Amino acid sequence: MSNPGVGLARQTEIYLAGVRGRRPAIPFDHRKLERRAKTRLSPEAYAYIAGGAGVERTMAANRAAFDRWRIVPRVLRDVSDRDLSVELLGRPRPTPFLLAPIGVLELAHQDADVAVARAAAAEGVPMIFSNQASRPMEECAAAMGDASRWFQLYWSTSDDLVASFVARAEACACDALVVTLDTKMLGWRSRDLDFAHLPFATGLGIAQYTSDPVFRGLVDPSTVDRSGRPTPAAVRALVRATRAYPGSFRANLRSGAGVAAVRKVMEIYSRPSLTWDDFAWLRKRTTLPIVLKGILHPDDARLAVEHGLDALVVSNHGGRQVDGAIASLDALPGVVEAVGGRIPILLDSGIRGGADAFKALALGATAVLLGRPYVYGLALRGEEGVRDVIRNLVADFDLTMALSGCRVVGDIRPECLQLAR
Ligand SMILES: Cc1cc2nc3c(=O)[nH]c(=O)nc-3n(C[C@H](O)[C@H](O)[C@H](O)COP(=O)(O)O)c2cc1C
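Attention here is on the structure that accompanies the text. Model, not experiment: these values are computed from the prediction.

Conventions adopted
Every residue gets a number counted from 1 within its own chain, in the order that chain's sequence is written. Owing to the predicted nature of the model, reporting of local features is limited to residues with pLDDT of at least 70; listing and counting of side-chain atom pairs is limited to 80 or more, with chain, interface and lining totals taken over all residues. In computing side-chain properties, one takes all heavy atoms of the structure into account and sets aside hydrogens as well as water. By definition here, a salt bridge exists when the distance from a side-chain nitrogen of Lys or Arg to a carboxyl oxygen of Asp or Glu is within 4 Å. In this description a helix means any DSSP run of H or I spanning at least four residues, a strand means any run of E spanning at least two, and both kinds are numbered starting from the N terminus. Buried means the residue's accessible area, taken with a 1.4 Å probe over protein chains only, is under 20% of the maximum for its type, while exposed means over 50%, and partly exposed covers the values in between. A helix is expected to span 1.5 Å for every residue after the first. Directions from the helix axis toward the C-beta atoms define the arc. Nitrogen and oxygen atoms within 3.5 Å of one another constitute a polar contact, given that in protein one can donate a hydrogen and the other can accept it, and given that sequence-neighbouring residues count only through two side-chain atoms. Note on pairing: two strands pair once DSSP finds at least 2 bridges between them. Proximity is defined per residue: any heavy atom of the residue falling within 4 Å of a molecule or strand makes that residue near it. Computed by Shrake-Rupley with a 1.4 Å probe, the accessible areas treat only the displayed protein chains as cover when residues are assessed. For this classification, the nonpolar set comprises Ala, Val, Leu, Ile, Met, Phe, Trp, Tyr, Cys and Pro, the charged set comprises Asp, Glu, Lys and Arg, and every other residue, Gly included, is treated as polar.

### A few points about the pattern of salt bridges
Taken as a whole and judged by the stated rule, the model has 23 salt bridges. Residue D388 is joined to R10 by a salt bridge in which the shortest nitrogen-to-oxygen separation is 3.6 Å. Remark: R10 occurs in helix 1 (residues 6–19) and D388 occurs in helix 18 (residues 372–403); sequence separation between them is 378 residues. Using a relative accessible area of 8% as the deciding quantity, one classes R10 as buried. With a shortest N-O distance of 3.1 Å, R413 and E415 are connected by a salt bridge. Among the residues examined, R413 registers a relative accessible area of 43% and is labelled partly exposed. Through salt bridges with shared partners, a single ionic network connects R10, E13, E123, R381, R387, D388 and R391.

Take a look at the structure:
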């Protein structure tokens, strides 16, 4: 996308609205954005979205890693006409941004994934549908027209379910399959543990499952234990789980199908025994590019190339899995060196502004995934909020490029950065 000024256009829009006395509903500074979103979320929802593993050292490390790198701007270069486009998996993309797969978006807004899908399509940024979505991928795909979408898979213990998810992703015209590797089980998430709150246990974030015929065939209500006295919280969870299951509420309540579905999701969502050899099976079942998410070690990056995988996402899941893990940005240079340009490398975990994206690209990423900030935009203003977050990010990136002396994304190179002393 050749653009003389996405950044300038966004600035002008904001400042002109200011002349008429209007301030942006979505603050740009990520700390302010998070604080404002917190006021619109239940304490449990905020904990689930904002929280990380353990004492959240990895989350802190993600931000600190970006802060250690400094951009060294160059001057007197013609940057009047910037081009933010990149090529990713054989296709041109208008910007180097994608929306990270984020589960349980109904915690933030009732329109959940569908609002995000509309926003992503409107802003030309691919959305990665989460395996733990609140709305089925078909609904999101229908809301996106021809816009680019990918599907993120948690590799279930049921081969049939994996095959069904993959077939649905292909039918939804997804451009790639992202297999998340860092969540073979949930990390020790202290904020959620303090609230004793796991969304999936109450029927949230299970729409890809309940909309799946193979999954429904695995649900066996006769296994539900109905003994014990119900508490008010248990009744609320029961109602929610029953609502999450397709068909008549009454019939599901009587049969216990909703509760059985929730239990089944918890039992089969992930396969802790998964190894590199399993990917031959997946490769036979899909023609889509397979992207591995959660790579941090150069040797794993090398193995991914050797096993014929198509791209990597350097990610520590936003610090939600291993407390004290290496920051994604710190892992990036080693992975880039190991891969040696053979497949594209994406990065997430800590992207909060244009300068962060610039630094990741300078260190060798082809594109970056935006995570928590768009969920905060969703919490504040639904689809419009997500659009504003994306627009602000792209504008900031465009201006960072221009002011650093880069006209095209290819100009963003390691020489643009220096480690802080
Ligand atoms: C609330 C929440 C839910 C998430 N759900 C998923 C998911 O379903 N699948 C997945 O692969 N990653 C999931 N992630 C991780 C994101 O894809 C991404 O790696 C992470 O948000 C990046 O960190 P950041 O948001 O701090 O930048 C989730 C992250 C958050 C915050």
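Here the narrative resumes, following the displayed structure.
### A closer look at helix 4 (residues 57–68)
When the terminal C-alpha atoms of helix 4 are compared, their 16 Å separation across 12 residues agrees well with the 16 Å that a helix rising 1.5 Å per residue should span. Taken together, the buried positions of helix 4 are T58, M59, N62, A65 and F66. End-on view of helix 4: buried residues confined to an arc of 125°, all on one side of the axis.

### With respect to the side chain of S148
One can find S148 in the loop between helix 6 (137–142) and strand 8 (149–153). Of note is the side chain of S148, whose polar atom sits 2.6 Å from the side chain of D175.

### Describing the pairing of strand 9 (residues 177–180)
By the alternation rule, side chains of strand 9 split into L177 and V179 and V178 and T180, which are all buried. Here strand 8 runs beside strand 9; their pairing, made up of three bridges, is parallel. Bridge assignment links F151 to a residue of strand 9, and that residue is L177. With four bridges joining them, strand 9 and strand 10 (residues 290–295) adopt parallel strand pairing. Following the sheet pairing, L177 is matched in strand 10 by I290.

### Some remarks on the site of the ligand
Surrounding the ligand, one finds 23 residues, the nearest of these being P101, T180, D348, R352 and R372. Contact between the ligand and Q152: a nitrogen atom at 2.9 Å from a side-chain N or O atom of the residue. A distance of 3.0 Å separates a nitrogen atom of the ligand from a polar side-chain atom of Y154. Surface burial for the ligand is 98%, taken as the share of its 610 Å² of free accessible area covered by protein chains. Here the residues of the shell around the ligand sort into seven nonpolar, 11 polar and five charged.

### Remarks on the pairing of strand 8
Taken across its five residues, strand 8 has five buried, putting it largely inside the fold. Burial along strand 8 is two-sided: R149, F151 and L153 facing one way and W150 and Q152 facing the other are all buried. Summarising the sheet, strand 7 (residues 127–129) and strand 8 pair through three bridges and their orientation is parallel. Bridge pairing links I128 to W150 in strand 8.

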